[in-house]
Structure formats: C-alpha cells, structure tokens
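# Commentary on secondary and tertiary structure
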Amino acid sequence: FYKPDAFTPSRFGDAGYKKTAPSSLARGSIMPYADVEVHVDDEKSAPTAPHDLNNESLPPSNNAPVHSPPARRIDILPPLRSAVPVQRMPPTSMGRHEFSIKGMPLDHAMRPGEDDDDLEGKPLPATLEDDDIPLGAAEPSDGLPGPLVYHRMPGKGLWIDIRRRSRYYRTDWTDAFLPENLSIVISTILFMLFACLAPALAFGSIYETVTKGQIGIMETLLATGVCGVINAFVSGQPLTIQGPTGPELAYLSMLIGLCSSLNIEFMPAKFWAGLWQSLYTVVYTLLHACSLISKVTRFTEEIFSAMITMIEIVAAGTNIVNVFLGKASIGAKLWTLIIVSLTYVMAVKFRELRTSDWLNANLRKNLSNYGVSITIISLTILSSLLTPVLGIFDLRYLNVPTIIEPTWKDPMTGLARPWIVQAGGYAKPFPTWAIFLMIAPAIGGCLLGYLDQNLTEVLVNRKDRMFKKLPAYHLSNMVVGLVLYPFCAILGLPAPHPATVRSLAHVMAVTSTVTVPLPDGKGTTVRVTGVAEQRVSHLAIHILILICLTAGSVLRYVPQPIIIGIFLYLGIASIRGNQMFDRLFVLFTFERERWPTYYYVQDVDRREMTRFTLLQAGIVCTLVAISRVSQIAIVFPFLMATMVPVRLYLIPKFFSKEAIDVLDR
C-alpha cells in the first residue's frame, strides 16, 4: 500500500494521494487526501509485497514469497458534492474555446456514456478528443433519430423534433420550480434582463443611424420582447436568447443601401424581403437543410464570428466619426469622445474584476455581472450633472418615444407611421418589379439567419453542457420562418436571432457546478452537477424587456455616446474565444520563446499557421469591406456561404492534413 500506483486516480477518483506505509494503516483508518475508506480485517495481514488494487497480477519477485492478498472491504465515502459546496458558475465567464464547434472542449466535459453518478469516484478528464464531442448535443437516448440526422422524406425531421420536445414540454415549465432550481432561475432572470437590455439599446441606436431613423430602439425592444416570448413557448431550444445581432445589422445596412440606389422605399422593401425570407426558411427546414450545419468547421465559424466582430467595431467607429463630422459644438464632440472612452474602460474593468483580488468573491461576481448596467447608470448621472456646468447643450441622447409608437414619423404630417407596414408604399406606389427583386436580398438574409440561428444552437447544445433534454433544430428554424419573420415583416421590426454571447451566458447562469482537484493535484477543474433546463427564465426575461417599453421617458436621458461605447465593448469583447484572433496576435510576437503554449502553436509549422491565419483574416476584411459598399453589399451573404465548400474542397489542396487537423479541429 505504499506505492502511489496502488491508489491511482483511475481507480479511486479525482483527489491526489499521499504515500502511506503499511504499518500506518489502522483498522478503519482513512487514507489522507483520498475519498476512500479502507478497512483492513487484520493489521498483521497486510501484504509484504505491493499489490495492485486494480486486480492486475504482478510478477512475483525472485526473492520474496507470493502472498495472496487478504479480503478487504472498500467503502466509498459520500459523493464529492456533499463535501464541496456548490459554486455558481460566473454567468459571463466563457473559456477560450466557447465559440468553437469542433474546438477543444470545456474544462467540465465528461466522457461519452457517463452521467453524473458514474463519475463519483472517477477522475475528471482534463480534455476530450474531438471525436468524442459530436455536433448536436448529447447522443440520442430517447429512441428517436439524432437532432441533425438527414432524412429523405420532407418534414420528417420536423415531426421527430415535435415528438421529442413534446415529451419534455411539461417538465420545461415545472423544472424551474424545483427546490434546487428555483433560486438559480430567479437570479438568472435578474442578471439576464440587464445583459439583454443593454445590447438591445445599443443595437437599436445603431439601427436608427443605419436606417436613417426608420427603425430604432422602440422597434428593437418590441421585436426582442415579443419574439423572445414566442420562442419561450414553442422553441426547440428554450435556453437560446433572442435579440439583435451583427448579421441583422449587416443585412439592414445592405438593404437600405440597395433601396437608396434603386430609389425605392425601405419599409415596403423590407416587408416583401421579410416574406420571401420566411418562405425560404420554411422550405429549407422541411428539406432538412439544418443537418448541413454539421459540415461547418472551425474555419468557417471563425470567419463568421470575426466578421460579426468587425462589423460591430466598424459601426461604433463610424458613429464616432459622424459625431466629429457633424454640426455639434467642439465641447459636445470632445465630451462624446470622453464618454465613449469611459464607457468602454469601465465595462472592461468590471469584467476583469471577477478575476482580481479586490473585495470578496461574492461582490466581485455581482459587480462583474451587472457591470454594463452600472456603467450606463453611473455615466448617465455623471453626464447630466456635468454637461450644464461645462456649457454643453447639444449632446445627443437616445431617441426613444415616450409612448409605444414607431420611431419613424412622416415628414409631411409629423405623425408616426402606423404599426402595420403599407406594403404598397407610402409617398409613392411600390413597383411590382421591386417585389420580385427582393428575392435576392431575401436569400442573402436567409443565409445569414441560417448561420446565426444554427451556429448559436450548436454552440449551446454542445455535449459538454450536460443537457438531459435533446434539442430540436428543425422546430426552432420552423418557428423562425413561420412566425417570427412574418411578424417582424408586417410590423417593420428588425428580425432577432439567437445571440451567441447572451445565449451562452444564459446557459452558464443556469448551470450548477462544483470545483474539484485535478488528478495530478496541480490546480482544480469544474464539474457540472446540473442544468436548469426550463422555459421560465426565457419567458420572464423577455416579458420584463417588454415592460421596459414603457420606460421611454427615462431612457431618453441616456446619452448616445454611452451606447456607442457599449457597442464598441461588445464588439471588442467578442474577440475573446476566437482562435483566429489569437493566432493573429501570435504572428506579431517575433520572439519564439515568448509564444503562448497554445496547442496549435506547438503542433503546427509556423509558416502554415501564418498562411492559414492570413487567409482567414483576408476573407474577413474582404467581407466587411463589401458589406460597407452599398452597390455590391448584396453579394456578401453569398460569399459567406461559399466558405463551406471552400473549406471542404480548396483548403486541403494548399495545407497539409496535419495542419488542418490541428487548426480546424
């Protein structure tokens, strides 16, 4: 019993073990640093030769007689979770690989086929092989085909998804009120309300600038709230959070540019494009195009994520430039720059507070979770106190109606437009040829929506989330095509999509974990003990967002530079977790000894990594540049869609298989 191999983690669990001589084992004694209680029937019967407890016979020594080991009773102590207090996973803390579909798994992953009970007394794997983490969440265990299995019969996948989710529907509501879930759900609702409200205000302000005042904060909040409520009732994955996203911003920018160049009205054009987009979504769902998302690898995913990041950063920068090119006073311009900078710095510092040594763990977590909301409130108060003193009276504030009405007002009458979009046009009849011309931008919007919808759901449904309820991709896409797109088109609202960062934050917020030591004793890792898979938090979050529609008189006091700073923060913060940006940063580190110990830095030739990274960065810059040119912006969604065949058929011709296996896994 004195050899460490006798108490290997593969036999007795996660903890480190201390060498103990046979003579120190008393009857019923407990091994130090182990979760195992060893009862020896007779202290004198301890073997003189080491014996492996894994029942593997050892070769007998030439000089020592072979002793048969005495019978022992090994009592496993109570489960680890009873000895270690349950810790809440920080809702907004995401690892470097959170945005990866086939990337390295999270640190709390489990082996396939193991559940929480099976891991009591077994080691936690630090990593899993990529083949162990299939797309589409856990392996099917309900007797139905997998969530991303292709079917020849149209509509079969949708029917299977309806059958699957109908089995969970009652517990989707009742599980939220279980004793172990109720407090988690309540805290998640409060946290996610502010986490969703701030981006909605930021995107709404940017939408208003891009669409020249035809879509604003009121429409964004209404679309986010109503579509979120609908998804809470019928979505195939209720843990995804609906909201404004970068692809929708790019789509609206492309559409408004097309309308300006063709001299047609934007709102009727958006109406017809939205109906075409709805039709295409229903068709591709019935034809099981959702299963094609399994062909998307890290190469395409990183390009798509980086494109969203750059679009958000460019949009924030464009708003700052427009302020300086406008007619505002020099004081207002400088104050705008100061407020934007303070907003960004404060948001970053609140985020970094979580890993600092300030205060205590509970205060650090709460301040970090609500950092964006604290930033908005504190800087709004500061600006309202200082601008009169500094003589700044032309600072721009949020344009939020005090009553629930559309943002755009008729310049002739000064009245807000009706909520129902006039499909035939406002100032002039909408031409018939333009109705069919909207097919092209609708296909582009459908492609962006397809990628945004399904990539986010794949990330949410990864197997290492330890969900017990399987997802329903076809059902989620059908709800979008049959309900959400037509609703937004009829009312002239921006179509919300599953927001990646907010959805992952929601998942982490409803996840309970325990911290356990690594098998080698060098640090700790996190084990998932349960996930509150329910619809109540999703529903409550979006109902509260709808209630915020009545707070227009309060939101009007928020300076627009604060929202620009938040938008800039959202864009830069999304760089974290994208391996393409990590590799770009490595390229600018010329001293090899200072390279980070990323696996792709150590296992791939630098020249191949450089070419692969520069190719991705060049594609991203090209797509962003095309999206900013109104005359050709319509083609950028189609170029984005071609990244899948480019990866499958062209990339293997220019890079070695070994490099692709590492960089694109």
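Residue positions are counted from 1 within each chain, in the order its sequence is given. It should be noted that, the model being predicted, local features are given only for residues of pLDDT at least 70 and side-chain atom pairs only at 80 or more, the latter also being counted only at that level, while totals for whole chains, interfaces and linings use all residues. The side-chain quantities take in all heavy atoms of the structure and omit both hydrogens and water.

## Points about the overall build of the chain
- A tally of regular secondary structure across the chain gives 24 helices and 7 strands.
- Here the term buried applies to any residue with accessible area under 20% of the maximum for its type, exposed to any over 50%, and partly exposed to those in between, with areas from a 1.4 Å probe on protein chains only. Expressed as a percentage of its 665 residues, the buried residues of the chain come to 54%.
- By definition in these notes, contact holds between two residues if any of their heavy atoms fall within 4.5 Å. Sequence-distant contacts, at least 24 apart, represent 78% of the contacts inside the chain between residues at least 6 apart.
- Surface accessibility in these figures is a Shrake-Rupley result with a 1.4 Å probe; residues are shielded only by whichever protein chains are displayed. In the structure as shown, the chain presents an accessible area of about 29400 Å², 64% of it carried by carbon and sulfur atoms. Secondary structure elements are taken from DSSP: a helix is a run of H or I of four residues or more, a strand is a run of E of two residues or more, and numbering for both begins at the N terminus.

## With respect to the pattern of salt bridges
- Here, a salt bridge means any Lys or Arg side-chain nitrogen found within 4 Å of an Asp or Glu carboxyl oxygen. Following the criterion strictly, the structure yields 11 salt bridges and no others.
- The partner of Lys469 in a salt bridge is Asp175, with the nearest N and O atoms 3.2 Å apart. In this pair, Lys469 is assigned in the loop between α13 (439–460) and α14 (473–491) and Asp175 in the loop between α3 (156–174) and α4 (179–210), connecting sequence segments 294 residues apart. When sorted by exposure, Lys469 lands in the same class as Asp175, which is buried.
- Measuring nitrogen to oxygen at the nearest pair gives 3.9 Å for the salt bridge that ties Glu352 to Lys349. Taken together, the positions of Glu352 and Lys349, both in helix α9 (residues 330–352) and 3 residues apart, correspond to about one turn of that helix.
- A single network of salt bridges, built from pairs that share partners, joins Arg165, Asp172, Asp175, Lys469 and Arg535.

## A word on the packing of aromatic side chains
- When two rings of Phe, Tyr or Trp (its six-membered ring) have centres within 6.5 Å they constitute a pair, described as stacked for plane angles under 30 degrees, edge-to-face for angles over 60, and tilted for the intermediate range. If you walk through the whole model with that rule in mind, you get 10 aromatic pairs.
- Ring centres 6.0 Å apart and planes at 50 degrees place the aromatic pair Phe203 and Tyr207 in the tilted group. Placement of both Phe203 and Tyr207 in helix α4 is noted, with a separation of 4 residues, approximately one turn of the helix. Each member of the pair, Phe203 as well as Tyr207, is classed as buried.

## A short note on empty space enclosed by the protein
- Computed over the protein atoms alone on a 1 Å grid, cavities are sets of points where a 1.4 Å probe fits but cannot get out and pockets are open sets with protein on both sides within 12 Å along at least five of seven lines; a residue lines them when it has an atom within 4 Å of a point. Grid points are joined across faces, edges and corners, and a volume is the space filled by probe spheres set on the points. All told, the structure shown has 6 cavities of 30 Å³ or more when counted by the stated rule.
- Within this model, the largest cavity holds a volume of roughly 70 Å³.
- Residue lining of the largest cavity: Glu248, Tyr251, Lys270, Gly274, Gln277, Tyr485, Cys488, Ala489, Leu493 and Ala495, and that is the complete set.
- For the lining of the largest cavity, the secondary structure elements donating two or more residues are α6 (246–262), α7 (266–286) and α14.
- Polarity classes work like this: nonpolar for Ala, Val, Leu, Ile, Met, Phe, Trp, Tyr, Cys and Pro, charged for Asp, Glu, Lys and Arg, and polar for all others, with Gly in that last group. When its residues are assigned to classes, the lining of the largest cavity shows 6 nonpolar, 2 polar and 2 charged.

## Side note on a nonpolar patch on the surface
- The grouping of Ile338, Leu342, Ile377, Ile381, Leu382, Leu385, Leu386, Val389 and Leu390 at the surface amounts to a nonpolar patch, some 790 Å² of accessible area in total.
- Breaking the nonpolar patch down by element, the ones donating at least two residues are α9 and α11 (371–390).
- Element by element, the count of residues in the nonpolar patch is highest for α11, at 7 residues.
- With respect to the secondary-structure elements, Val389 resides in helix α11. Patches here are clusters of residues that have more than 30% relative accessible area and form no salt bridge, with a 9 Å joining cutoff for like charges and a 5 Å cutoff for nonpolar side chains (Val, Leu, Ile, Met, Phe, Trp, Tyr).

## So, unusual backbone geometry
- Backbone geometry places Asn263, a non-glycine residue, at a positive phi of 60 degrees.
- Assignment of secondary structure puts Asn263 in the loop between α6 and α7.
- Its identity as a non-glycine residue notwithstanding, His288 has a phi of 65 degrees, on the positive side.
- Using a relative accessible area of 1% as the deciding quantity, one classes His288 as buried.

## Overview of helix α23 (residues 643–654)
- Here α23 has its buried residues at Met643, Val644, Arg647 and Ile651. Viewed end-on, α23 has its buried residues packed into an arc of 85 degrees, placing them on one side of the element. Among the exposed residues of α23, those oriented more than 90 degrees off its buried face are Tyr649 and Lys653.
- Packed against the buried residues of α23 are α8 (298–325), α21 (606–628), α22 (636–641) and α24 (657–663). Within this analysis, the arc is defined by the directions that extend from the helix axis to the C-beta atoms.

## Things to note about the environment of Met153
- Structurally, Met153 can be placed in the loop between β3 (87–88) and α3.
- Along the sequence, Met153 and Leu287 sit 134 residues apart, while their C-alpha atoms lie 7.9 Å from each other.

## Let's talk about the side chain of Thr407
- Locating Thr407 in the fold gives a position in the loop between α11 and α12 (432–437).
- With relative accessibility at 7%, the residue Thr407 sits in the buried group.
- Reaching out from Thr407, the side chain makes a polar contact with the side chain of Glu219 at a distance of 2.7 Å.
- With near-sequence residues (within four places) excluded, Thr407 lies in contact with Glu208, Gly213, Gly216, Ile217, Met218, Glu219 and Asn399. In protein, a polar contact means a hydrogen-donor-capable atom and an acceptor-capable atom, both N or O and within 3.5 Å, with residues adjacent in sequence counting only if both atoms are side-chain atoms; elsewhere, any N or O pair within 3.5 Å suffices.

## Comments concerning α21
- With 23 residues, α21 ought to run about 33 Å at 1.5 Å a step, and its terminal C-alpha atoms sit 33 Å apart, in line with that.
- What α21 keeps buried is the set Glu608, Met609, Phe612, Thr613, Gln616, Ala617, Ile619, Val620, Leu623, Val624, Ile626 and Ser627.
- On its buried face, α21 is in contact with α8, α19 (579–587), α20 (599–603), α22, α23 and α24. Given the number of residues in a helix, its expected span is that number minus one, multiplied by 1.5 Å.

## Some points on the confidence of the model for the chain
- Confidence in the prediction of the chain, expressed as mean pLDDT, is 74, and 75% of residues score 70 or more.
- Every residue carries a pLDDT, the predictor's confidence in it, which falls somewhere between 0 and 100. Of all the helices and strands in the chain, helix α1 (residues 9–12) carries the lowest mean pLDDT, 37, while α7 carries the highest, 93.
- In this model residues 1–138 is a low-confidence stretch, pLDDT under 50, and it forms 265 contacts with partners more than four residues away in sequence or in other chains.

## Here's the deal with the packing of α13 against α14
- In this analysis, axes come from line fits to C-alpha atoms, helices being fitted only over the stretch in contact, and the angle between any two N-to-C directions falls in the range 0 to 180 degrees. Packing of α13 against α14 leaves a shortest axis separation of 11 Å and a crossing angle of 140 degrees. Regarding the angle of α13 to α14, the classification is oblique. Judged by the sense of rotation from one axis to the other, the crossing of α13 with α14 is right-handed. Here Gly449, Gln453, Asn454, Glu457 and Val458 of α13 come into contact with α14, specifically with Tyr473, Ser476, Asn477, Val480 and Tyr485.
- The class makeup of the residues in the contact of α13 with α14 is 4 nonpolar, 5 polar and 1 charged. Throughout this description, any angle smaller than 35 degrees is read as roughly parallel, any larger than 145 degrees as roughly antiparallel, any in the 65 to 115 degree range as roughly perpendicular, and the remainder as oblique. Whether a crossing is left-handed or right-handed is set by the direction in which the near helix is turned from the far one by less than a right angle, anticlockwise for left-handed and clockwise for right-handed.

## With respect to the environment of Ala423
- By secondary structure assignment, the location of Ala423 is in the loop between α11 and α12.
- Along the chain, Ala423 and Ile435 lie 12 residues apart, while their C-alpha atoms are 9.5 Å from each other.
- Residue contacts for Ala423: discarding those within four places in its chain leaves Pro268, Phe271, Trp272 and Phe430.

## Observations concerning the state of the cysteines
- By convention in this document, the label disulfide applies to cysteine sulfur atom pairs within 2.5 Å. Scanning the model with the defined rule gives 0 disulfides in all.
- Not part of a disulfide, Cys488 finds its nearest cysteine sulfur in Cys227, a span of 3.8 Å.
- Take Cys488: its relative accessible area is 1%, and that puts it in the buried class.

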